[in-house]
Amino acid sequence: MMAVTDEKPWPDTIRAGECELHEPLVRRVLAPNPSPYTFTGTQTWIVGAGRDVAVIDPGPTGSGMSIGDPPDANGAGHVDAILRAVEGQRVAAILCTHTHRDHSPAATPLKAATGAPIIGCAPLALQDDGPRADSAFDPDYAPDRVLADGGRVAGDGWTLEAVATPGHTSNHLCFALVESGALFTGDHVMAWSTSVVSPPDGDMAAYMASLQKLYDRDDRVYYPAHGPAVTKPRQLVRGMLGHRRQRERQILRELEKGTAAIPLMVSHMYKGLDPRLTGAAGRSVLAHLLDLKARGLVRVREEGWELA
Ligand SMILES: [Zn+2]
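None of these values were measured; they are calculated from a predicted model.

1. Quick look at the environment of Thr165
Link 1 in the chain: Here Thr165 lies in the loop between β9 (158-164) and β10 (173-177).
Link 2 in the chain: Note on Thr165: relative accessible area 0%, which makes it buried.
Link 3 in the chain: Taking C-alpha positions, Thr165 is 8.2 Å from Ala209, a pair spaced 44 residues apart along the chain.
Link 4 in the chain: Aside from chain neighbours lying at most four places away, what touches Thr165 is His172, Leu173, Cys174, His188, Ser210 and Leu214.
Link 5 in the chain: Polar side-chain contacts of Thr165 include one of 3.4 Å to the backbone nitrogen of Cys174.

2. As for the environment of Cys96
Link 1 in the chain: If you trace the backbone, Cys96 turns up in strand β5 (residues 90-96).
Link 2 in the chain: Judged by relative accessible area, which is 0%, Cys96 ranks as buried.
Link 3 in the chain: Linking Cys96 and His172, residues 76 residues apart in sequence, is a C-alpha distance of 8.7 Å.
Link 4 in the chain: If sequence neighbours within four positions are ignored, Cys96 has contacts with Asp57, Pro58, Ser104, Ala107, Ile119, Gly120, Cys121, Tyr141 and Phe175.

3. Some points on the coordination of the zinc ion
Link 1 in the chain: Those donors, His98 (NE2), His100 (ND1), His168 (NE2) and Asp187 (OD), are the protein atoms that reach the zinc ion, and they lie 2.2 Å from it.
Link 2 in the chain: If you look at the zinc ion, its four donor atoms make angles of 88 to 165° with each other, and the shape they trace is irregular.

4. Here's the deal with unusual backbone geometry
Link 1 in the chain: Here Pro199 and Pro200 are connected by a cis peptide whose omega angle stands at 10°.
Link 2 in the chain: In this fold, Pro200 is placed in the loop between β11 (182-186) and α3 (204-215).
Link 3 in the chain: Phi angles above zero are rare outside glycine, and Asp57 is one such case at about 55°.
Link 4 in the chain: With respect to the secondary-structure elements, Asp57 resides in the loop between β4 (52-56) and α1 (75-85).

5. As for the side chain of Gln250
Link 1 in the chain: Assignment of secondary structure puts Gln250 in helix α4 (residues 233-256).
Link 2 in the chain: Here the side chain of Gln250 touches Arg247 through a polar contact of 2.8 Å, side chain to side chain.

6. Thoughts on α3
Link 1 in the chain: An ideal rise of 1.5 Å per residue puts 16 Å on twelve residues; α3 measures up with 16 Å between its terminal C-alpha atoms.
Link 2 in the chain: Of all the residues in α3, the buried ones are Met204, Tyr207, Met208, Ser210, Leu211, Leu214 and Tyr215. Buried residues in α3, looked at end-on, bunch into an arc of 160°, giving them a common side.
Link 3 in the chain: Check the buried side of α3 and you find it contacts β9, β11, β12 (221-224), α4 and α6 (278-294).
Link 4 in the chain: Of the residues flanking the start of α3, the one acting as N-cap is Asp203, its side-chain oxygen 3.0 Å from the backbone nitrogen of Ala205.

7. Some details on the packing of aromatic side chains
Link 1 in the chain: All told, the structure shown has four aromatic pairs when counted by the stated rule.
Link 2 in the chain: Seen from their ring centres, Trp45 and Phe184 are 6.0 Å apart, and the 55° between their planes marks the pair as tilted. Remark: Phe184 occurs in strand β11 and Trp45 occurs in strand β3 (residues 43-47); sequence separation between them is 139 residues.
Link 3 in the chain: Judged by its relative accessible area of 3%, Trp45 falls in the buried class.

Cut-offs and rules
Residues numbered from 1 in each chain as written. Predicted model: local features only at pLDDT ≥ 70, side-chain atom pairs only at ≥ 80, totals over all residues. Heavy atoms only, no water. Helix = DSSP H or I, 4+ residues; strand = E, 2+ residues; numbered from the N terminus. Buried < 20%, exposed > 50% of the residue type's maximum accessible area, 1.4 Å probe, protein only. Contact = heavy atoms within 4.5 Å. Polar contact = N/O pair within 3.5 Å; in protein donor to acceptor, adjacent residues only side chain to side chain. Donors = N, O, S within 2.8 Å, 3.2 Å for Na, K, Ca; no water. Tetrahedral: all angles 85-135°; square planar, octahedral: opposite > 155°, others 65-115°. Expected span 1.5 Å × (residues − 1). Arc of directions from axis to C-beta. Phe/Tyr/Trp six-rings, centres within 6.5 Å; stacked < 30°, edge-to-face > 60°.

Okay, here's the thing in structure tokens:
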């Protein structure tokens, strides 16, 4: 999720664990896992104002930042915060947009506390081998029901419809709130940053197709898993499509100049990048190169990448 340089920083107005109302059917609880990758932290979205609710992306256990984190560090506190927010309501469904460790692990303790089924994306078949500890997938994720594109789950006054959006991960889903025109976009589209596309599970061609899929929709507002709500969705998506095409042109120019190694391309292409995000930038460049290779435009040799 490299920071796009012209994005304004977003001072969060609430503290982790507090519940904030965004529209009549939508509340947000921020998890305590801020980082260069997660911005102010993972945002858990609660949908429903009546007898029952859905919880989208229950978040990490531990701090969600590394594999070895003790399971009860911050994660237990976040599950407690979700339970406080839904007091007096029944949790009808726990939904996950995808199974990165900052999104789905708390589904298991939340299910244990509420008895609600885990519904949503499929478990991941492919490990992400990127450099981000927090992007490692959650091997314990076990959905009770997997939603295909267009699949729905409904409760008291709300209906959520899955919108399959592979690319960031192969199993990524967005969820459309039919009653209000909101779309929960997970890590697929965020305003504060572009999405990391890390092969082999991350796939640039799929990601571009999933951006186009959102551009062709008519959603009123996006609620991403990280960063502020997006009130001009199609404008942002159009910008992201253009940004990726520009990255692709930059890579082709680097190859024309004879730059063969990904770290060198990153140092030329990403000016002012937070050094902690260099590895993630390299993964997205690799994703572009693999896409260009599949299209017959580049090839890889022992010395590195070159034009085909
Ligand atoms: Zn993710």
